[in-house]
Amino acid sequence: MSFLFSPLTIRSVTFRNRLWVSPMCMYSAVDGVVQEWHHTHLAQFASGGAGLIVAEATAVLPEGRISPRDAGLWNDEQRDTWAPIVQAIHDRGAVAGIQLAHAGRKASTWWPWAHARGSVPAQDGGWTTTAPSAVAYDGFAAPRALDAAGIDEVVHAFAAAARRAVDAGFDVLELHGAHGYLLHQFLSPLSNLREDEYGGALENRARLLLQVVDAVRAEVGEDVPLFVRISATDHAEGGFTSDEAAVVGDWASEHGADFIDVSSGGLVAHQQLDVFPGYQVPLAETVRQGGRIPVSAVGLITAAAQAEQVLADGAADAIFAGREWLRDPHFALRAAHELGSDVAWPPQYDRARWH
């Protein structure tokens, strides 16, 4: 059995393999309610052999949406429309996860194929955004700095959304602390200019993330695996670093997190990064070796042998892929065939297994 197709158990959940689907925004929800598109989109990856499918960044508050078309979990109607999607994933043998998110100063933006770019104005359904400090992302509208009551509301909203996710049947929860969204904005000194207990030293900048971890763990109990996605570098001078990410990963583990999903960037428009196949794998390795918590790698991982080598080298414990799943929703079945791993295929597809 290959590394990629060996099972992994975290708390009460066993994943049939370590080739997983990253959360990818579809910008196709209506008032935060997911649609038929989401059902077909996510279920196909389970038919294609994925071990874990993490649903897209799902806002815990209306003002936390990246765009007006983002999915949400701030009310029970949204919870109830997620439930049949989760069941479809389970029926096909995969584990269902969801990424809980708040976009902070990068909220209220146009979706990728909209007629405009940047922040959505109020007359078109936009809203005032919030952030650790009243500092705008380049080209976006200025946010309002969160006060103590606003921070408490965010923590409570993450916990409430986590409860709805578990009630909808999700097996795994992921907190979105990457890509320049709210929890990442608190972590980075480039966006967090606060002078209170949430700013300055790393332990202060990590305070909100750890409070959210605490609140979610207390809400859902001990059986549910809790992941945290982080950007292990801002790719900009003076920003959050991979060494800090390893420390934060350790702290998150002490507070009840189980796994770090390592990505990078997204905080500032002036980031400088060199993109190539596997370009973020060294970041995952730094967090894994610098801390005491398992990690996943992501970033232009598109081939079975490439993914297998990342795990064989000890750089990560699992692989998240995104765009390759969009190109081939049966990526895992293809990868298993290429690696010679004997995995179960849907009986409906078995005639294509060997020939």
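Predicted model only: the values in this text are computed from it and were never measured.

What counts as what
- Residues numbered from 1 in each chain as written.
- Predicted model: local features only at pLDDT ≥ 70, side-chain atom pairs only at ≥ 80, totals over all residues.
- Heavy atoms only, no water.
- Axes fitted to C-alpha atoms, helices over the stretch in contact; angles between N-to-C directions.
- Helix = DSSP H or I, 4+ residues; strand = E, 2+ residues; numbered from the N terminus.
- Parallel < 35°, antiparallel > 145°, perpendicular 65-115°, else oblique.
- Left-handed = near helix turned anticlockwise from the far one by under 90°.
- Contact = heavy atoms within 4.5 Å.
- Nonpolar A, V, L, I, M, F, W, Y, C, P; charged D, E, K, R; others polar.
- Salt bridge = Lys/Arg side-chain N within 4 Å of Asp/Glu carboxyl O.
- Buried < 20%, exposed > 50% of the residue type's maximum accessible area, 1.4 Å probe, protein only.
- Phe/Tyr/Trp six-rings, centres within 6.5 Å; stacked < 30°, edge-to-face > 60°.
- Lys NZ or Arg CZ within 6 Å of the ring centre and 35° of its normal.
- Polar contact = N/O pair within 3.5 Å; in protein donor to acceptor, adjacent residues only side chain to side chain.
- Patch = residues over 30% accessible without salt bridge, like charges linked within 9 Å, V, L, I, M, F, W, Y side chains within 5 Å.
- Areas by Shrake-Rupley, 256 points an atom, 1.4 Å probe, with all protein chains shown as cover.

Participant: Whenever I open this one, the packing of helix 1 (residues 36-47) against helix 2 (residues 76-91) confuses me. Can you help?
Facilitator: Packed helices, taken two at a time, are described by the angle their axes make and the gap between the axes. Where helix 1 meets helix 2, the closest approach of the two axes is 8 Å, and the angle between their N-to-C directions is 20°. The angle between helix 1 and helix 2 falls in the class roughly parallel. Like other packed secondary-structure pairs, helix 1 and helix 2 cross with a definite hand, here right-handed. Residues His-38, His-39, Leu-42, Ala-43 and Ala-46 of helix 1 lie in contact with helix 2, whose contacting residues are Trp-82, Pro-84, Ile-85, Ala-88 and Ile-89. Grouping the constituent residues of the contact of helix 1 with helix 2 by class yields eight nonpolar, two polar and no charged.

Participant: Would you take a moment to explain the environment of Asp-124 for this structure?
Facilitator: Relative to the elements of secondary structure, Asp-124 occurs in the loop between strand 5 (95-101) and strand 6 (130-131). Sequence-wise, Asp-124 and Pro-62 are 62 residues apart; in three dimensions their C-alpha atoms are separated by 15 Å.

Participant: I would appreciate a short explanation of the pattern of salt bridges in the present structure.
Facilitator: In a structure, side chains of opposite charge can pair up when their charged atoms sit close to one another. Going through the model one piece at a time under the given rule, you end up with 20 salt bridges. The closest approach of N and O atoms between Glu-222 and Arg-11, which form a salt bridge, is 3.1 Å. With Glu-222 in the loop between helix 6 (207-220) and strand 9 (226-231) and Arg-11 in the loop between strand 1 (8-10) and strand 2 (13-15), the pair connects residues that are 211 residues apart, well separated along the chain. For Glu-222, a relative accessible area of 53% translates into the label exposed. Across the pair Asp-196 and Arg-194 runs a salt bridge, and its minimum N-O distance is 2.8 Å. Residue classification places Asp-196 among the partly exposed residues on the basis of a relative accessible area of 29%. Overall, the relative accessible area of 14% leaves Arg-194 in the buried class.

Participant: What exactly am I supposed to notice about the packing of aromatic side chains here?
Facilitator: Applying the stated criterion to the full structure yields 14 aromatic pairs. Note on Phe-186 and Tyr-198: the rings are 6.1 Å apart at their centroids and 75° apart in plane angle, and the pair reads as edge-to-face. Of this pair, Phe-186 sits in helix 4 (residues 182-187) while Tyr-198 is found in the loop between helix 4 and helix 5 (202-205), placing the two residues 12 residues apart along the sequence. Classification of Tyr-198 as buried rests on a relative accessible area of 7%. Sitting over the face of the ring of Trp-111, Arg-69 holds its NZ or CZ atom 4.9 Å from the ring centroid. The cationic tip of Lys-106 hangs over the ring face of Tyr-137; the distance from NZ or CZ to the ring centre is 5.0 Å.

Participant: What exactly am I supposed to notice about the side chain of Ser-6 here?
Facilitator: One can find Ser-6 in the segment before strand 1. Given the relative accessible area of 17%, Ser-6 is considered buried. There is a polar contact of 3.2 Å between the side chain of Ser-6 and the side chain of Arg-18. Look past the residues within four positions of Ser-6 in its chain and what remains in contact with it is Met-1, Arg-16, Asn-17 and Arg-18.

Participant: Looking at this model, I keep getting lost on the environment of Glu-195. Mind explaining?
Facilitator: Secondary-structure assignment places Glu-195 in the loop between helix 4 and helix 5. With a relative accessible area of 82%, Glu-195 lands in the exposed category. For the pair Glu-195 and Leu-146, spaced 49 residues apart in sequence, the C-alpha to C-alpha distance is 13 Å.

Participant: Which parts of the structure should I look at to understand a nonpolar patch on the surface?
Facilitator: On the surface, Leu-273, Val-275 and Leu-300 cluster together into a nonpolar patch covering about 220 Å² of accessible area. Structurally, the position occupied by Leu-300 is in the loop between strand 11 (295-297) and helix 9 (304-312).

Participant: I would appreciate a short explanation of unusual backbone geometry in the present structure.
Facilitator: Only a minority of non-glycine residues have a phi that is not negative, and only a minority of peptide bonds are not trans. With a phi angle near 60°, His-179 is a residue other than glycine that sits in the positive phi range. Assignment of secondary structure puts His-179 in the loop between strand 8 (172-177) and helix 4. We note that His-235 has phi near 55°; this positive angle belongs to a residue other than glycine. Take His-235: it is sitting in the loop between strand 9 and helix 7 (242-254).

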